[in-house]
Amino acid sequence: MNHNLTYLHPYPFAKMATLLADSTPAHNYSEIKLGIGEPKHEPPAFVLDVLRENLDKISRYPTTNGLFELRQTIAHWLEKRFFLNHVDANTQVLPVMGTREAIFSLVQAVVDHKVIDTDNHSLSVSGQPPTVVMPNPFYQIYEGAAILAQATPYFIPCTLDNDFKGDYRVVPKEVWARTQLLFVCSPNNPTGSVMTMDDWEYLIRLSDQYGFIIASDECYSELYFDTAPIGLLQACATLGRHKFKNCIVFHSLSKRSNLPGLRSGFVAGDANILQAYLQYRTYQGCAMPIPHQLASIAAWQDEKHVAHNRALYQEKFALWMSELGDLLELRMPEAGFYFWIKAPKQFNGDDELFVKALYEQANIHVLAGRYLSREVNGKNPGQGYVRIALVASVEESREAISRIRKLLGA
């Protein structure tokens, strides 16, 4: 077995199962799941219709790079959404089976243990393992993918002091020198922070200086409140970098269109990276079924259902803020569908205690923040926080709020 498997942490929900193993949920309440970021809104009916109408095409092998019509649809969506002059559907877009597998496999494809010896202009094995930089807290696939690629994760703490975006200016130069890949999540899971144009420009300049790839996880980009978040490719275009050198983005229909089970997303950006990544994927064997591709075309071409989806989340956030803002330290995210909140003082600010109380006394599932983070310099930036995913219906949200108020003595 790959010895690096022993370095993987249990997944956050496995840790939650251990935490609650000896607990019993409140029997007088029905279960409300606010822990997993799985959308519960209705998927668009017209997309499901397309899926059903094309089930006969399941008999055909799909190609790894997908249908040209899907790539072209995605290219047009990127151009319109992020104000891009032109996206080449043949070289700058690659459909994937959901971004989770794509994020993992991209790391395996790009991490290289051989580096150029600048003195002798030859390839040699580096004395130190390559580094993959990522926010902390973070989507756990970033870390797992890095470990299994035999790279060293480097964590950037995202705290209240840096608006939950991380301070990249304090990263030592020697870390950047061995960095091959930087993960950014904007809008961020779990904190809801969003990168500004200044933030992007700083990271792009660092990438130019040190030669690492920026991989931007933008799967929550369409769940915003006022202004649509700036994406990495948009930042590149603003800077006149239309070839998106060393820049890659991930997008998905899971959150945007309430289609997590369709397993449909895409990777876009630097054509040179995507060319090599496509070859990797050809051997890996991940190709989206043709019915899923045709359904994806329909989803990417429609914005009405996305606007409706946003409105539902906006309604729920407004409800939680108005009904619980006086009892919990609720902070509106800039985008996404998560609250990242401090555990109440009644529970000594302990995220695990608060999570257990919600389960045992209200039958509500949320996620302990410490399970999404790693300790850096003696401090876990997720400890004392909980992540609440507003994925349940408006009606369930009202019920959850009522139970939480009772739990907190209101």
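Residues numbered from 1 in each chain as written. Predicted model: local features only at pLDDT ≥ 70, side-chain atom pairs only at ≥ 80, totals over all residues. Heavy atoms only, no water.

Turning our attention to the nonpolar core. Counting residues in hydrophobic clusters, the biggest one holds 47 residues, and the most contacted among them are Leu78, Leu84, Leu182, Val184, Leu203, Ile214 and Leu232. The biggest single contributor to this core is helix α3 (residues 68-82), with six residues. The contacts of Leu182, once residues within four sequence positions are left out, are Val133, Tyr168, Leu203, Phe212, Ile213, Ile214 and Ala215. (Core = buried A, V, L, I, M, F, W, Y, C linked by side-chain atoms within 4.5 Å. Buried < 20%, exposed > 50% of the residue type's maximum accessible area, 1.4 Å probe, protein only. Helix = DSSP H or I, 4+ residues; strand = E, 2+ residues; numbered from the N terminus. Contact = heavy atoms within 4.5 Å.)

A few words on a nonpolar patch on the surface. Residues Met1, Leu5 and Leu8 make up a contiguous nonpolar surface patch of roughly 350 Å² in combined accessible area. Here Leu8 lies in the segment before α1 (12-19). (Patch = residues over 30% accessible without salt bridge, like charges linked within 9 Å, V, L, I, M, F, W, Y side chains within 5 Å. Areas by Shrake-Rupley, 256 points an atom, 1.4 Å probe, with all protein chains shown as cover. Salt bridge = Lys/Arg side-chain N within 4 Å of Asp/Glu carboxyl O.)

Bringing the pairing of strand β14 (residues 385-389) into the picture now. Here β14 lies mainly inside the structure; five of its five residues are buried. The alternating pattern of β14 places Tyr385, Arg387 and Ala389 and Val386 and Ile388 on opposite faces, both of which are buried. With five bridges joining them, strand β11 (residues 338-342) and β14 adopt antiparallel strand pairing. Residue Lys342 lies in a different strand from β14, and its bridge partner there is Tyr385. Direction of pairing for strand β13 (residues 367-368) relative to β14: antiparallel, over a ladder of two bridges. Following the sheet pairing, Leu367 is matched in β14 by Arg387. (Pairing = 2+ DSSP bridges.)

Another aspect to go through is the packing of aromatic side chains. One pass over the full model with this rule turns up 20 aromatic pairs. Arranged with centres 4.4 Å apart and planes meeting at 10°, the rings of Tyr142 and Phe183 form a pair that is stacked. Taken together, the positions of Tyr142 in helix α5 (residues 140-148) and Phe183 in strand β7 (residues 179-185) put the pair 41 residues apart, joining distant regions of the chain. Note on accessibility: Tyr142 and Phe183 belong to one class, buried. Between Tyr277 and Tyr280, the ring centres sit 6.5 Å apart and the planes meet at 20°, which makes this aromatic pair stacked. Of the two residues, Tyr277 and Tyr280 are both situated in helix α10 (residues 271-284); the distance of three residues between them amounts to about one turn of the helix. With a relative accessible area of 1%, Tyr277 lands in the buried category. Residue Tyr280 is classed as partly exposed on the basis of its relative accessible area of 31%. (Phe/Tyr/Trp six-rings, centres within 6.5 Å; stacked < 30°, edge-to-face > 60°.)

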